Amino acid sequence: MKFFSVALKNLLRRRVRSALTLLGIAVGIAMLFSFMSFNAGYQASLRQDLNRLGAHMLAIAKGCPYEATAMVMHGGVIEDYLTEEHIATIRAMPNVKTAVGMFMNQKIVHQGKPVIIQGLDEAGFALKPWWVIEGERFVDANSVILPAGKATETGLTLGSEYRISGVDQVFTVTGILQKTGSQDDQFIYMPLLTAQRLFNAEGKVTSVAIQLEDLRQVQAVVDLVQALPDVQAITMSQMLGTVQTLMESAQALITSIVVVAVLISALGVLNSILTSVFERTREIGMMKAVGAGAVDIFALVWIESILLTASGGVVGIAAAIGAGTLIEGALRGILPFAPAGNLITFNPDIAGMSLLVSVILGVVAGAYPALRASQLSPMEAIRSE
Amino acid sequence: MSVIKTGKLCKHYRRGSETVYALQNATLAIEAGEFVAIVGPSGSGKTTLMNLLGCLDTPTSGSYRLRGQEVTGLKESGLVRLRQENIGFVFQQFFLLPTLTVEENTELPLLFRDKGKRLTHELLETVGLSHRRKHLPKELSGGEMQRVAIARALINSPAILLADEPTGNLDSKNSLKVIELFRELNSKGLTTIIVTHNREIAAMANRTISISDGQIEEHALRKTP
């Protein structure tokens, strides 16, 4: 017989209380684990999204940088346009390899859902060499390319008609874009000119995607672009920074919720173990009478506490992994910006760290009850009612 | 040789504004192999005396030598060691851990001081419970539970068995069985001290120490039957 088995049996003696306390810890640790996994996954997905933009920087009409970033990264409406002349000017700048006009806007499709339309020309395709398109790119002005996910969702296939509410023009699906795992899976693509006409914006673009000859010259190009009237340049690192700024307040909120949840669960452990010490005062007195020292009693109570929180940690981590998809869905709903990749990824380091936190909770929460128990006078403990 | 020798042992404590003299000038000696009953009415100080003799409490004044070692002035860790090495306790309420089997309850003191030698089987034979060793306390009668507690008290091979009202929660038939067990253990040389307010139980010991109002009144010697 070992301390461990005595402590375990003692926890099992009060099954309901132990289970509820364990559940509290499990919830706290599940939140912590999900949050840490999310942070890691989020950073990775965000970088991936930015890399898949296919451009080193973008030029857009002057406006709110947050709005611009959101538009660039997952679509949105910007009414201020740049013109074909801007594209030509930027293309002529030193160190600019290509400058491609992009057109993006939003329409309601018949199912009542907003759809982001992106206009592309051949140069636009050149920015996305990794795209795999089933069928053709654009064969005429009525062509559209659907991402595979949207095609499956709407039941459309190559050659299907595609209609947009309030628009007389009937489009034909000429290509299906295979899943890219990035924000590109969320748009509908049509020829640049068609898109411009659809929104009465002929000769205008929402952004100019710029590829550089030499990435070290990025600041020089930024300066040149910013010198154009009413134009601003956004580099990838600025976009990353903007999204991270957007995320900071959300992260601060989530962090405080997680910390509070973990603290409350630790108080639950403290309360549960302390109550059990009070209930067992006479038993503890007996144990001291039959030879237990203060250290022995301390260890017994402490092991109980750590056992409780560590099991809670294991349950919490398992539950968080099991419910990862659900949690990811919930997070996407509340976050100001969510990249397209997996937000929550399983990482053994994070699991280990969460487990360590649960053990530390047991160590901290169990210390006071263990100290109380260890200092009981055997005589008074035996006599207590 | 006296296993227990006290000189003017006193225990005073304060309850509110008054001082309670729980034990005053208790001087006694108990020889190895004796079977002693400490008797007296409720509140007479017999449990206080037993707690002092069992090293569960420290005296206010006086001296106490247990197997030649001075106990007064020892720190808690010293008292723990003395308890482990010398004393087996039996309580009125048995105090078995409900989640442990008979065998595990018997071995509980080994959790805190394992000498490697396990007498569990022999002890359960002695108390007549080897067939119940895998049972939980809730499956036992009061008498059986007390016999498990006695086996537990003996697991460290103590020099002295101290029992506080060991038959207080038992019916007369089970009380008799438990007392018979004490006599049997004593006959093998174990110094046995029982605190009781039951004169019939006390009559089975070979010496009675009466205590009243915190003072030892008489030592009555009886021939071993």
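## Focus on the layout of surface pockets
Here the largest pocket is characterised by a volume of approximately 580 Å³. Along the wall of the largest pocket there are 27 residues; nearest its centre are Arg 383 of chain A together with Gly 43, Thr 47, Thr 48 and Asp 164 of chain B. Counting residues per element, the lining of the largest pocket draws most heavily on helix H1 (residues 46-53) of chain B, which supplies four residues.

## Quick look at the sheet that holds strand E1 (residues 2-15) of chain B
Residue and element names in this part refer to chain B. The four strands are arranged E2-E1-E4-E5 in an open sheet whose pairing can be described as antiparallel. If you trace the sheet from one side to the other, it starts and ends with strand E2 (18-31) and strand E5 (69-70), each paired once. Pairing analysis gives two bridges linking strand E4 (residues 61-66) to E5, with the strands arranged antiparallel. Looking at E5, one finds that Leu 66 is bridged to Gln 69. Contacting E1, E2 and E4, H1 runs over the sheet at an angle of about 60 degrees to E2.

## Some details on the interface of chain A and chain B
With 23 residues of chain A at the interface, the matching set in chain B holds 24 residues. Summed over both sides, the interface between chain A and chain B buries roughly 2,300 Å², with carbon and sulfur atoms accounting for 69% of that surface. Taken as a group, Met 1, Met 286 and Val 290 of chain A account for 28% of the area that chain A buries against chain B, more than any other trio of residues on that side. Applying the counting criterion to the chain A and chain B interface returns one salt bridge. With a closest N to O distance of 2.7 Å, Lys 9 of chain A and Glu 104 of chain B form a salt bridge. Our count for the chain A to chain B interface comes out at three residue pairs in polar contact (both at pLDDT 80 or more).

## Concerning the nonpolar core
The biggest cluster of nonpolar side chains holds 97 residues, and the ones touching the most others in it are Phe 38 and Leu 335 of chain A together with Ile 4, Leu 66 and Phe 112 of chain B. By residue number, the principal contributor to this core is helix H9 (residues 236-279) of chain A, which donates 12 residues. Looking at this core, you find at least three residues from each of domain 1 (3-48 + 247-383) and domain 2 (81-229) of chain A. When sequence neighbours within four positions are dropped, the list of residues in contact with Ile 4 of chain B reads Leu 28, Ala 29, Ile 30, Leu 53, Tyr 64, Arg 65, Leu 66, Ile 160 and Ile 193 of chain B.

## A few points about unusual backbone geometry
With phi around 50 degrees, Asn 200 of chain A is a residue other than glycine that occupies positive phi space. Following the sequence through the fold, Asn 200 of chain A ends up in the loop between helix H7 (192-198) and strand E10 (204-205). Since its relative accessible area comes to 71%, Asn 200 of chain A is described here as exposed. We note that Phe 95 of chain B has phi near 55 degrees; this positive angle belongs to a residue other than glycine. Along the chain, the position of Phe 95 of chain B falls in the loop between strand E6 (87-90) and helix H3 (102-106). For Phe 95 of chain B, a relative accessible area of 7% corresponds to the buried category.

## Points about the pattern of salt bridges
All names here are of chain A. Going through the model one piece at a time under the given rule, you end up with 20 salt bridges over all chains. Salt-bridge contacts for Glu 279 lead to Arg 17; the nearest nitrogen and oxygen are separated by 2.7 Å. Of this pair, Glu 279 sits in helix H9 while Arg 17 is found in helix H2 (residues 15-51), placing the two residues 262 residues apart along the sequence. For Glu 202, the salt bridge is made with Arg 197, and the minimal N-O distance between the two is 3.8 Å.

## Some thoughts on the domain arrangement of chain A
What the domain assignment reports for chain A is domain 1 (3-48 + 247-383) and domain 2 (81-229). For domain 1 of chain A versus domain 2 of chain A, the distance between C-alpha centres works out to 50 Å.

## As for the packing of H9 of chain A against helix H11 (residues 294-322) of chain A
All names here are of chain A. Between H9 and H11, the least distance of the axes is 11 Å, while the angle of their chain directions is 145 degrees. As H9 packs across H11, the resulting crossing turns out to be right-handed. Contacts from Val 269, Ile 273, Ser 276 and Val 277 of H9 reach H11 at Val 301, Glu 304, Ser 305, Leu 308 and Thr 309. Split by residue class, the contact of H9 with H11 holds five nonpolar, three polar and one charged.

## A short note on the confidence of the model for chain B
Overall, the prediction assigns chain B a mean pLDDT of 89, with 96% of residues at 70 or greater. Per the prediction output, this complex has pTM 0.74; the corresponding ipTM is 0.90.

Each value, and the rule that gives it
Residues numbered from 1 in each chain as written. Chains lettered and ligands numbered in written order. Predicted model: local features only at pLDDT ≥ 70, side-chain atom pairs only at ≥ 80, totals over all residues. Heavy atoms only, no water. 1 Å grid on protein atoms, 1.4 Å probe; cavity = no way out; pocket = protein on both sides within 12 Å on 5 of 7 lines; lining within 4 Å. Points joined across faces, edges and corners; volume = space filled by probe spheres on them. Helix = DSSP H or I, 4+ residues; strand = E, 2+ residues; numbered from the N terminus. Pairing = 2+ DSSP bridges. Contact = heavy atoms within 4.5 Å. Axes fitted to C-alpha atoms, helices over the stretch in contact; angles between N-to-C directions. Buried area = accessible area lost by both parts, 1.4 Å probe. Salt bridge = Lys/Arg side-chain N within 4 Å of Asp/Glu carboxyl O. Polar contact = N/O pair within 3.5 Å; in protein donor to acceptor, adjacent residues only side chain to side chain. Core = buried A, V, L, I, M, F, W, Y, C linked by side-chain atoms within 4.5 Å. Buried < 20%, exposed > 50% of the residue type's maximum accessible area, 1.4 Å probe, protein only. Domains from an automatic or database assignment. Left-handed = near helix turned anticlockwise from the far one by under 90°. Nonpolar A, V, L, I, M, F, W, Y, C, P; charged D, E, K, R; others polar. pLDDT = per-residue confidence, 0-100.

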